[in-house]
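Descriptive structure summary
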Amino acid sequence: MKGRKVARSVLLGISVLSYIILWAPALVLILFSFSKNRFGIKWEGFTLEWYANLLSQPAAMDALKLSILVVAIAIVVSSLGGTLAAYGLYKYQFKGRGILRVVSLLPLVMPTVVTGAAMLVYFTQLIHLRLGIGSVIIAHITFTIPLSTFVVLGRMSRIDWSLEEASIDLGANKVTTFWKITFPLLLPSIFASGLLIFPWSFNDFITTYFVAGVGVTTLPIYIFSQVRHSTTPIVNTIGAIFIIIPLLGTLFTSFFRNRKSAQSRSGHD
Amino acid sequence: MGAVADTISSKRSSKITETRRQHHSGKKIIGFLRRRAYFPYVGPLSVWIILFVIAPLGIIIYYSFLRAGPSGNIIAVFTLENYRALFNPTVRVVFLRTFLLAFLTNLICLIVGYPIAYWIVMYGGRWKHRLVFLLIMPSWTCYLIRLYALKTLMGYSGLLNAVLLKLNLIQAPLQLLYTPGSILLGLVYAWLPFMVLPIYASLEGLDPLLLEASSDLGANSFERFFTVTLPLTKGSLFVGSLLVFIPSLGDWLAPLLLGGDKVLLAGSLVEHYFLKQGNIPVGSSLATFLTAVVLLALYVVIKFAGQDALERVL
């Protein structure tokens, strides 16, 4: 029993230490975003100056807008293509199915520098696509479409497909069945894949850096240009926002999920 | 059927054979389409993958065997010269360092990650989900910003040095950045959650009856861990390792921010040859080699953990 207690405190120690290491940089960053220090690395009193400063930086705002545009297109296209592909992979057995599944994993597992470099060479040397928003969007979709496919595919086994058969049996045609039954059944998994795609695409720096060309600045690229030359408080403020917004977002969704499950539980009783 | 009716009325003479043949080929087409009913679904993904994954990868593999011209152009002459760059002493050192760092990152994540996952499952209680959430939360922030935050923390006049000085543990600020150790710390910091998650999921799915049975049969908790728990969660170790090893292997930002110009990794070299020097053939050979190593790692994991092991994580 004594050994067990020791083991338990060792586990606790490792875990607490890891949580501290994982959170310390983020928390310090948030703290310093409110500091008067001009380099954003020391505490010299509270200020909101840098946040006000950020709002008056048109370059940062443009970068944010561009990032949102890219994410929005990536989510729409990859949700469509990914859901279709997942449906095909789940419902049909065909030649090349195994290969397709393995090859689709490639953009997710290949080193991002290699993906970026390969696309850059392909765009400039072979298909002569001008680098710009178009090439950035294509690069993003290339890794978000498999993401969407596998997230939706993974959840398909949890869906009650007999509802689809029932609808056909009751005389609905294929199109009606799709819109009234299949699509609503798939909607939560499409939503889940969207939630995963958003940060993945929004935060992507390396691939974008390779294929963006000159003048196309997404938010991570903008941050990089700030970080590269000096330490500026503006990076702290953007970073703080980057940490706080997903936190609020997830707290918000988990709050709703909890309330929903609490409701359904009480409804069940 | 309208076409069939037309045929019957207009060409009375050979109507029977004609309609039969049409009917037959119609059936064939329908059968053909039915057998390929999957195509509208998987078609877009397949086309996209061929156009923007296979083709770019193919082109850099092709270029890696061609000669580089003096002005960054590519001369269509077959050569293995670019692969000789891998044996160039500086490049070799960088690649060996990359493999070592990725391996160490993976090892540390395994050694630290398993206890965390185990602790959450065993002692997390009703806080379990919140603990997992707290664990992955930081990694939703932009990777670039996380590394930057770590960098300011570890910098010469950063908080860590200030605290150590205040505690009188050191006399002068330490040079923590721009060393292989700082990159290692950065990689562990960035990828640890991705090791914990699959292990957590697999421990969570463990049948408690099995653990009970092993205790009933007289195993103490250490024996139980090494004979039941660990073997049953082996697959997740492979998956977690892949999620940590692969990104560490190809990383370019961690060496850039935490290693400065002093400590380069393979990713830095790939970026250097493609973007700075504009030597596509040599860059391609390094990128091809790096991809080959990654695919080998992927193959090993698929072999040991099953094909859907990776997909399940998503």
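Sequence order sets the numbering: in each chain, residues are counted from 1 along the sequence as written. In the order they appear in the text, chains get letters beginning with A and ligands get numbers beginning with 1. Local features in this predicted model are restricted to residues of pLDDT 70 or higher, and side-chain atom pairs are both shown and tallied only at a pLDDT of 80 or more, whereas totals for entire chains, interfaces and linings draw on every residue.

**Details of the overall build of chain B**
The condition that has to hold: What counts as a helix is a DSSP run of H or I of at least four residues, what counts as a strand is a run of E of at least two, and both are numbered from the N terminus. Three exposure classes are used, based on other C-beta atoms lying within 10 Å of a residue's own C-beta, which is placed from the backbone: buried for 20 or more, exposed for 12 or fewer, and partly exposed in between. Residues are defined as contacting one another if the C-beta atoms placed from their backbone atoms lie within 7 Å.
If you tally the helices and strands in chain B, you get 16 helices and 2 strands. A burial count over chain B gives 40% of its 314 residues as buried. Counted over contacts in chain B with a minimum sequence separation of 6, partners at least 24 positions apart contribute 68%.

**As for the overall build of chain A**
Put simply, the rule is: Here the globule rule is a power law, 2.2 Å times the number of residues to the power 0.38, and the radius of gyration is based on C-alpha atoms.
Looking only at helices and strands, chain A features 11 helices and 0 strands. N-terminal to C-terminal, the α/β element order of chain A is α-α-α-α-α-α-α-α-α-α-α. Relative to the globule expectation of 18 Å for 269 residues, the C-alpha radius of gyration of chain A, 23 Å, shows a markedly less compact shape. For chain A, with 269 residues in total, the buried portion stands at 38%. Counting contacts in chain A only where the partners sit at least 6 residues apart, residues at least 24 apart contribute 76% of the total.

**Brief notes about the environment of Leu100(A)**
Mapped onto the fold, Leu100(A) is located in helix α4 (residues 97–109). Counting along the chain gives 50 residues from Leu100(A) to Trp50(A), while the straight-line C-alpha distance between them is 49 Å. Leu100(A) has contacts with Val42(B) and Ser46(B), leaving out every residue within four places of it along the chain.

**Thoughts on the interface of chain B and chain A**
The following threshold applies: Residue polarity is assigned by list, with Asp, Glu, Lys and Arg as charged and Ala, Val, Leu, Ile, Met, Phe, Trp, Tyr, Cys and Pro as nonpolar; anything else, Gly included, falls into the polar class.
Contacts between the two partners involve 67 residues from chain B and, on the opposite side, 69 residues from chain A. When residues in the side of chain B that touches chain A are grouped by element, the largest group, 15 residues, is from helix α3 (residues 39–63) of chain B. Among the residues making up the side of chain B that touches chain A, the classes are represented as 52 nonpolar, 11 polar and 4 charged.

**Describing unusual backbone geometry**
Residue and element names in this part refer to chain B. We note that Asn168 has phi near 60°; this positive angle belongs to a residue other than glycine. Its location among the elements puts Asn168 in the loop between α8 (159–166) and α9 (180–204). Since 7 C-beta atoms lie within 10 Å of it, Asn168 is described here as exposed.

**Concerning the nonpolar core**
We apply this condition: For the purposes of this analysis, a nonpolar core is taken to be any set of buried Ala, Val, Leu, Ile, Met, Phe, Trp, Tyr and Cys residues that are connected through C-beta atoms within 7 Å. An automatic or database domain assignment provides the domain bounds reported here.
Counting residues in each nonpolar core, the largest one holds 143 residues, and the members touching the most others are Ala117(A), Leu144(B), Leu253(B), Val270(B), Leu286(B) and Leu290(B). For this core, the two domains that each supply at least three residues are domain 1 (2–78) and domain 2 (86–313) of chain B.

**Remarks on the domain arrangement of chain B**
All names here are of chain B. Its domain assignment divides chain B into domain 1 (2–78) and domain 2 (86–313). Each partner contributes to the interface: domain 1 provides 9 residues, whereas domain 2 provides 9 residues. Those elements that provide at least two residues to the side of domain 1 that touches domain 2 are α3 and β1 (66–68). Looking at the side of domain 1 that touches domain 2, its residues break down into 6 nonpolar, 2 polar and 1 charged.

**Section: α3(B)**
Definition in use: Note on bend: the value at a residue is the angle between axes fitted to the seven residues ending there and to the seven starting there.
The largest bend in α3(B) is about 35°, located at Ile50(B). Every buried residue of α3(B) is listed here: Tyr41(B), Val42(B), Leu45(B), Ser46(B), Trp48(B), Ile49(B), Phe52(B), Val53(B), Pro56(B), Leu57(B), Ile60(B) and Tyr63(B).

**Some remarks on the packing of α9(B) against helix α12 (residues 234–249) of chain B**
Residue and element names in this part refer to chain B. What counts here: Helix axes are fitted to C-alpha atoms over the stretch in contact, other axes to C-alpha atoms as well, and angles between N-to-C directions run from 0 to 180 degrees. Each angle receives one of four descriptions, namely roughly parallel if under 35 degrees, roughly antiparallel if over 145, roughly perpendicular if within 65 to 115, and oblique otherwise. Each crossing is labelled by how the near helix is turned from the far one, with a counterclockwise turn of less than a right angle marking it left-handed and a clockwise turn marking it right-handed.
Running from N to C, α9 and α12 point in directions that differ by 160°, and their axes come no closer than 8 Å. The pairing of α9 with α12 is recorded here as roughly antiparallel in orientation. Crossing geometry of α9 relative to α12 is assigned as right-handed. Facing α9, whose interface residues are Leu187, Trp191, Phe194, Met195, Pro198, Ile199, Ala201 and Ser202, α12 presents Gly235, Ser236, Leu237, Val239, Gly240, Leu243, Val244, Pro247 and Ser248.

**A short note on the pairing of strand β2 (residues 74–78) of chain B**
In regular strands, side chains alternate between the two faces of the sheet. All names here are of chain B. The condition is simple: Two strands pair under a simple rule: DSSP has to find at least two bridges between them.
Little of β2 is tucked away, with 0 of its 5 residues classed as buried. For β1 and β2, the ladder comprises 3 bridges, and the chain directions are antiparallel. Bridging from a neighbouring strand, Leu66 pairs with Phe78 of β2. The hairpin formed by β1 and β2 contains 5 residues between the paired strands, and Gly72 there has a positive phi angle of roughly 80°.

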